[in-house]
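Examining the three-dimensional arrangement
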Amino acid sequence: MAAKLLDGEALAGKIKEGLRKEIEELKGKGITPSLAAVQVGENSASRVYIRNQRRATEEMGIDYQLHELPDTTSEEELLQFIEKLNKDPAVSGVILQMPVPGQINARKVQMSISPSKDVEGMNPVNMGMLVYGQAKVAPCTARGAMELLRSSEVELKGKEVTVVGHSEIVGKPITLMLLESLMESPTPTVCHIATKDLAAHTKKADILIVAVGKAGLIKGDMIKEGAIVIDIGINRVPVLDEKGNPVLNEKGKPKRKTVGDVVFEEAVQKASYISPVPGGVGPLTTAMLLKNTVECAKAQI
Ligand code: NAP
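Now for a look at the structure at hand.

Calculation notes
- Residues numbered from 1 in each chain as written.
- Predicted model: local features only at pLDDT ≥ 70, side-chain atom pairs only at ≥ 80, totals over all residues.
- Heavy atoms only, no water.
- 1 Å grid on protein atoms, 1.4 Å probe; cavity = no way out; pocket = protein on both sides within 12 Å on 5 of 7 lines; lining within 4 Å.
- Points joined across faces, edges and corners; volume = space filled by probe spheres on them.
- Nonpolar A, V, L, I, M, F, W, Y, C, P; charged D, E, K, R; others polar.
- Pairing = 2+ DSSP bridges.
- Helix = DSSP H or I, 4+ residues; strand = E, 2+ residues; numbered from the N terminus.
- Near = heavy atom within 4 Å.
- Polar contact = N/O pair within 3.5 Å; in protein donor to acceptor, adjacent residues only side chain to side chain.
- Core = buried A, V, L, I, M, F, W, Y, C linked by side-chain atoms within 4.5 Å.
- Buried < 20%, exposed > 50% of the residue type's maximum accessible area, 1.4 Å probe, protein only.
- Domains from an automatic or database assignment.
- Contact = heavy atoms within 4.5 Å.
- Right-handed = clockwise from strand over helix to strand, strands pointing away.
- Salt bridge = Lys/Arg side-chain N within 4 Å of Asp/Glu carboxyl O.

What about empty space enclosed by the protein?
All told, the structure shown has 1 cavity of 30 Å³ or more when counted by the stated rule. Each pocket or cavity is described by its volume, and for the largest cavity that value is around 30 Å³. Forming the walls of the largest cavity are V94, Q110, I113, D118, V119, E120 and M122. Within the lining of the largest cavity, the residues separate by chemical class into 4 nonpolar, 1 polar and 2 charged.

Describing the sheet that holds strand β1 (residues 4-5)
Spatially, 6 strands are ordered β1-β11-β8-β7-β5-β6 in an open sheet, and the strand pairing comes out parallel. Lying at the two open borders of the sheet, with one neighbouring strand each, are β1 and β6 (187-191). Across 4 bridges, strand β5 (residues 160-164) lies against strand β7 (residues 207-210) in parallel orientation. Looking at the pairing, V164 lines up with V210 of β7.

Focus: the site of the ligand
Neighbouring the ligand are 19 residues; H166, S167, I193, K214 and T285 lie closest to it. One nitrogen or oxygen atom from the side chain of S167 is found 2.5 Å from an oxygen atom belonging to the ligand. Here an oxygen atom of the ligand and a backbone polar atom of I234 are 2.9 Å apart. In terms of residue class, the shell around the ligand is made up of 9 nonpolar, 9 polar and 1 charged.

A closer look at the nonpolar core
By size, the foremost hydrophobic cluster in this structure holds 48 residues, and its most contacted members are L149, I174, L178, I209, I230 and I232. At 9 residues, the largest contribution of residues to this core is made by helix α10 (residues 281-299). Three or more residues apiece are contributed to this core by two domains, here domain 1 (30-121) and domain 2 (138-281). Not counting chain neighbours up to four residues away, the residues in contact with I209 comprise L149, V161, T162, V163, V164, I174, L178, I230 and I232.

A closer look at the pairing of β5
Of all 5 residues in β5, 4 are buried; the element is thus mostly enclosed. Of the pairings in the sheet, the one linking β5 to β6 comprises 5 bridges and is parallel in character. Among the inter-strand pairings, V161 is bridged to a residue of β6, identified as P188. Regarding the hand of the β-α-β motif, the stretch spanning β5, helix α7 (residues 171-178) and β6 is right-handed.

Details of the pattern of salt bridges
The final tally for this structure, using the stated rule, is 9 salt bridges. One salt bridge in this structure joins E22 and K298, with 2.6 Å as the shortest N-O distance. Of this pair, E22 sits in helix α1 (residues 8-28) while K298 sits in helix α10, placing them 276 residues apart in sequence. Given a relative accessible area of 33%, K298 falls into the partly exposed group.

Limitation: the analysis is restricted to geometry and does not speak to function.
Here it is in structure tokens:
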């Protein structure tokens, strides 16, 4: 069987179309959604995120403000800065760019973002609302993975789901989202580093969701025939030629490519649906950041 691809780009495009209309309506009421990003110190990885966030928000008509603080900023100073944004009526959502310098406890600062401006869904209040199945905002990647899964239109009720990885931003919220609907929920199993026999759990899964960050972790023989596979992992690996030698780029450095945690070429032969990397969950993470920003703007009316 060759699996159907779950196209994240196409789905993200549709979601953004819907959001554009909501943003127009908000603007009609005099409200322009705005996202305030806070970066502490210099970091090349977060510069890429910032560029992408700016482009994604501005394309949608969401205001984007970047606040760059020096890398000597103390935790207390950052908490005070966040408090200022929490109180600023012109700011709908706040995002703290990662990583932050060592003197700052990132989790503590993320938790200080007001629940009504928490576009990453990391505040304990919003995490708690996930338990009640009533979250207005939720961690972007988890929400994006669920959107992609639902786009297969396969009924979830009665299915066995295995989630590999139990981080607070991906694996745990996905598991709570799977349990959202009392009568329509599947049966989730959550695997992590201490799981003894990972393959035993992945092989029984009608739906397999993987969020670990280890290329090649899930091989074809670990997947049930006809399963839906959602691969969230992002890994940069060297490109190899037929003999297994690294391919070099024009600068003589090893060429690299982005892959997920699932061996795609093997999985595509077993699964009924599969999300590719790149082009699967990634575009939906951005779309969900926009959706959360719009939700926050609406909550402040
Ligand atoms: P994380 O915080 O490092 O969590 C990884 C999880 O995998 C942990 O729960 C860990 O368990 C578990 N794990 C590690 N080795 C394992 C193994 N051999 N078997 C089973 N579980 C194992 O990472 P994350 O933030 O959740 O991200 C996971 C992956 O998703 C990364 O590749 C990341 O780049 C990617 N990601 C993608 C997007 C996107 O937009 N597509 C967004 C966010 C993240 P323990 O905690 O018990 O060690």
